[in-house]
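# Commentary on secondary and tertiary structure
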Amino acid sequence: MKKAPLISYAVALGLLATSCSTPKNVTYFQDVTDGAVINPIQQLEIKVRPKDKLAILVSTQDPALSNLFNLVQSQMRLGTNSSTTIESLEGTVTDGRISYYNVDDEGDINFPVLGKIHIGGMSRFEAASYIEKKLVDSQLVKDPVVTVEFINTAVSVLGEVKSPGRYEFNLDRISIFDAIAMAGDLKPTGMRENVVVLRETEGGKRQAYKVDLTDMASVSASPAFNLQQNDIVYIEPNAKQKRESTASGNDLFTPSFWVTIGSLGITVATLIVTLTK
């Protein structure tokens, strides 16, 4: 006689436990403790790559000498139909516009007076020091100060974030968390344990890295902790979000569905008890 009420209680408790459970996979850094020191294994800086655009400014005590190396728009117009690697960028040198340089496929740029120089694989500080040394060694300038800035560095963040898109940055080092923050953070439906980073390699190929944002030790050991220009960060939707792509994909996981199943089970159990008296 008491079997049916017991079954009812069991079903109710099961539904309550399911509704009150808290998924762990929406929390970042689950392994981090108070006072923990995070030390990424690879401290990658943004390095010069083919197709990059660079603004290079040479400063000396003699403005006229500086202008020899800082090409401006009026000088560039003479070669608009040639194979020059120089394009215009707003600047403050003389009354024109300072130029920026396109890095070719070999990592070279054509620099005024010095000609073709190789700066591929250098950070902007290394490139600046290299150009300064070339100017001094060539006895062109005694006291140059060279400033190099990246113009087109950006990463793309796609998938389950609030604002997917391509984001430009002017940092010498950018982490995967910086990129996610720029995209407005992950949605609750984003899978934090399986973030994919696609990175350009030689020959136009892409290398894939998988990152678990819930495990800080794993993230800090990944080559994708610090991003490079043109990296693509993809956030995969969780299973619930994937099921919503079909008309009734999540019906099985709704409370109303299980209440209906529970009620049906209670009815069947009551009928069996009644028939077996």
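The sections below set out a description of the structure shown in this document. These numbers were taken from a predicted model, which means no experiment stands behind them. (Residues numbered from 1 in each chain as written. Predicted model: local features only at pLDDT ≥ 70, side-chain atom pairs only at ≥ 80, totals over all residues. Heavy atoms only, no water.)

We now examine the nonpolar core. Counting 46 residues, the largest nonpolar core has Ile56, Phe111, Ile176 and Leu213 as its most contacted members. For Phe111, the residues in contact, after removing those within four places along its chain, are Ile56, Val58, Phe69, Tyr101, Ile117 and Ile131. (Core = buried A, V, L, I, M, F, W, Y, C linked by side-chain atoms within 4.5 Å. Buried < 20%, exposed > 50% of the residue type's maximum accessible area, 1.4 Å probe, protein only. Contact = heavy atoms within 4.5 Å.)

Moving on to helix H4 (residues 124-137). Under the 1.5 Å per step criterion, the end-to-end length of H4 is 20 Å for 14 residues, consistent within 8% with the ideal 20 Å. By the burial criterion, the buried members of H4 are Arg124, Ala127, Ala128, Ile131 and Leu135. Viewed end-on, H4 has its buried residues packed into an arc of 100°, placing them on one side of the element. Phi for Gln139, located one or two positions after H4, is positive at around 55°. (Helix = DSSP H or I, 4+ residues; strand = E, 2+ residues; numbered from the N terminus. Expected span 1.5 Å × (residues − 1). Arc of directions from axis to C-beta.)

Moving on, we get to the layout of surface pockets. By volume, the largest pocket is sized at about 300 Å³. Around the largest pocket, the lining residues are Lys47, Val48, Arg49, Pro50, Gly120, Gly121, Glu200, Thr201, Glu202, Gly203 and Gly204. Here the lining of the largest pocket is composed, by residue class, of two nonpolar, five polar and four charged. (1 Å grid on protein atoms, 1.4 Å probe; cavity = no way out; pocket = protein on both sides within 12 Å on 5 of 7 lines; lining within 4 Å. Points joined across faces, edges and corners; volume = space filled by probe spheres on them. Nonpolar A, V, L, I, M, F, W, Y, C, P; charged D, E, K, R; others polar.)

This next bit is on the side chain of Asp52. With respect to the helices, strands and loops of the structure, Asp52 is situated in the loop between helix H1 (3-20) and strand S1 (53-59). Here Asp52 is buried and forms no salt bridge, its nearest opposite-charge partner Arg49 lying at an N-O distance of 6.3 Å. Only 2.8 Å separates the side chain of Asp52 from the side chain of Gln229, close enough to count as a polar contact. Once residues within four sequence positions are removed from consideration, Asp52 is found in contact with Lys47, Tyr101, Asn102, Val103, Phe150, Asn152 and Gln229. (Lys, Arg positive; Asp, Glu negative; His and termini not counted. Salt bridge = Lys/Arg side-chain N within 4 Å of Asp/Glu carboxyl O. Polar contact = N/O pair within 3.5 Å; in protein donor to acceptor, adjacent residues only side chain to side chain.)

A word on the side chain of Asn238. Within the secondary structure, Asn238 sits in the loop between strand S13 (232-235) and helix H7 (239-243). Among residues more than four places away in sequence, those in contact with Asn238 are Pro188, Thr189 and Met191.

A word on the packing of aromatic side chains. For the structure shown, the criterion picks out four aromatic pairs. Arranged with centres 6.1 Å apart and planes meeting at 75°, the rings of Phe177 and Phe225 form a pair that is edge-to-face. Here Phe177 is found in helix H5 (residues 176-182), whereas its partner Phe225 is found in the loop between helix H6 (216-220) and strand S12 (226-227), with 48 residues between them in sequence. A relative accessible area of 19% places Phe177 in the buried class. Assessed through its relative accessible area of 10%, Phe225 is described here as buried. Above the face of the Tyr28 ring, Arg192 is positioned so that its terminal group lies 5.2 Å from the ring centre. (Phe/Tyr/Trp six-rings, centres within 6.5 Å; stacked < 30°, edge-to-face > 60°. Lys NZ or Arg CZ within 6 Å of the ring centre and 35° of its normal.)

This brings us to empty space enclosed by the protein. According to the stated counting rule, one finds one cavity of 30 Å³ or more in the structure shown. By volume, the largest cavity amounts to about 40 Å³. Around the largest cavity sit Glu45, Ile46, Ser123, Arg124, Phe125, Phe150 and Asp172, which together line it. Split by residue class, the lining of the largest cavity holds three nonpolar, one polar and three charged.

What follows is about unusual backbone geometry. One non-glycine residue with positive phi stands out, namely Asp185, at about 80°. When you line up the elements, Asp185 lands in the loop between H5 and strand S10 (195-200). Although it is not a glycine, Asn230 sits at a positive phi angle of roughly 75°. Inspection of the secondary structure assignment puts Asn230 in the loop between S12 and S13.

What follows concerns the pairing of strand S5 (residues 115-118). Two elements, strand S4 (residues 108-111) and S5, share four bridges in a ladder whose sense is antiparallel. Within S5, the residue paired with Asn110 across the bridge is Lys116. Counting the residues between successive antiparallel strands, the hairpin from S4 to S5 contains three residues, one of them, Val113, with a positive phi of roughly 70°. (Pairing = 2+ DSSP bridges.)

Attention now moves to the sheet that holds S10. The strand order across the open sheet built from five strands is S8-S7-S13-S10-S11, with neighbouring strands paired in mixed fashion. Among the strands making up the open sheet, the edge pair consists of strand S8 (165-168) and strand S11 (206-211). Averaged over neighbouring strand pairs, the angle between their axes works out to 20° when direction is ignored. Where strand S7 (residues 154-159) lies against S13, four bridges are found, and the strand directions are parallel. Along S13, the bridge assignment pairs Ser156 with Ile232. (Axes fitted to C-alpha atoms, helices over the stretch in contact; angles between N-to-C directions.)

Treat this as a map of the structure, not an account of what it does.
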